[in-house]
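Coordinate analysis (summary)
Here is how the chains run, residue by residue.
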Amino acid sequence: MSHTVVFYQGDLTWTVEAEPGENMLALSRRCDAPVQTLCNGVGTCVQCKVRVDLADLPKLSPPTALEKDRLGNLSHLTGERMGCQCCPVADVRLEILDGRLRRRSRRQR
Ligand code: FES
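No experiment lies behind these values; they were computed from the predicted model shown. (Residues numbered from 1 in each chain as written. Predicted model: local features only at pLDDT ≥ 70, side-chain atom pairs only at ≥ 80, totals over all residues. Heavy atoms only, no water.)

**Quick word on unusual backbone geometry**
At Asp32, a residue that is not glycine, the phi angle is positive and equals roughly 65°. Positionally, Asp32 belongs in the loop between α1 (24–30) and β3 (49–51). Backbone geometry at Val46 places phi at a positive 60°, although glycine is not the residue there. On the secondary structure map, Val46 appears in the loop between α1 and β3. A relative accessible area of 17% places Val46 in the buried class. (Helix = DSSP H or I, 4+ residues; strand = E, 2+ residues; numbered from the N terminus. Buried < 20%, exposed > 50% of the residue type's maximum accessible area, 1.4 Å probe, protein only.)

**Section: the packing of aromatic side chains**
Inspection of every chain in the model, using the stated rule, returns zero aromatic pairs. We note Arg93 situated over the ring of Tyr8; from NZ or CZ to the ring centre the distance is 4.4 Å. (Phe/Tyr/Trp six-rings, centres within 6.5 Å; stacked < 30°, edge-to-face > 60°. Lys NZ or Arg CZ within 6 Å of the ring centre and 35° of its normal.)

**Comments concerning the pattern of salt bridges**
Enumeration according to the criterion identifies six salt bridges in this entry. Between Glu80 and Lys49 there is a salt bridge, with the nearest N and O atoms lying 3.2 Å from each other. Of this pair, Glu80 sits in strand β4 (residues 80–82) while Lys49 sits in strand β3, placing them 31 residues apart in sequence. Accessibility expressed as a relative area gives 17% for Glu80, which makes it buried. Arg51 is paired through a salt bridge with Glu95; the nearest N and O atoms lie 3.3 Å apart. Linking Arg51 in strand β3 with Glu95 in strand β5 (residues 92–96), this pair joins segments that are 44 residues apart in sequence. (Salt bridge = Lys/Arg side-chain N within 4 Å of Asp/Glu carboxyl O.)

**With respect to empty space enclosed by the protein**
Empty space left among the atoms is revealed by rolling a probe the size of a water molecule over them. Counted according to the given criterion, the structure contains one cavity of 30 Å³ or more. Looking at the largest cavity, its volume works out to about 40 Å³. Forming the boundary of the largest cavity are Pro63, Glu67, Lys68, Leu71, Gly72, Asn73, Leu74, Ser75, Glu80 and Arg81. Elements with a contribution of two residues or more to the lining of the largest cavity: α2 (65–71) and β4. (1 Å grid on protein atoms, 1.4 Å probe; cavity = no way out; pocket = protein on both sides within 12 Å on 5 of 7 lines; lining within 4 Å. Points joined across faces, edges and corners; volume = space filled by probe spheres on them.)

**Quick word on the pairing of β5**
Across the two faces of β5 the burial differs, with Val92, Leu94 and Ile96 buried and Arg93 and Glu95 not buried at all. Pairing geometry for β3 and β5, over two bridges, is antiparallel. Looking at β5, one finds that Arg51 is bridged to Glu95. (Pairing = 2+ DSSP bridges.)

**Focus: the nonpolar core**
Ranked by size, the top nonpolar core spans 23 residues in total, and within it Val5, Phe7, Met24 and Leu94 carry the most contacts. Elements that contribute at least two residues to this core include exactly β1 (3–9), β2 (12–18), α1 and β5. The contact partners of Val5, leaving out residues within four places of it in the chain, are Trp14, Thr15, Val16, Ala18, Met24, Leu27, Pro88, Val92 and Leu94. (Core = buried A, V, L, I, M, F, W, Y, C linked by side-chain atoms within 4.5 Å. Contact = heavy atoms within 4.5 Å.)

What follows is the structure in structure tokens.
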């Protein structure tokens, strides 16, 4: 059973139908959504972060051990997930987090 995944960043959206087992990084590539990666999905760069509304967390596969190691066990508070480590289990909308913008905003503080 496929699920509809909508990536968004600001006013821009990208929609794709997910096949079972496809992770968010792979899906972003299929619809040209700009989810970042430096490790090509190996799980080492953490550039692929996406965010869902907290109420939508159950619409994603549970965090993997690798994801918990990289992000900590805080996704239930932040809604942030690693795109290369999670798959949709229902129709879902995800915000693309731009790593360059995050770093820039930290320096401005
Ligand atoms: S793509 Fe590098 S950690 Fe997900």
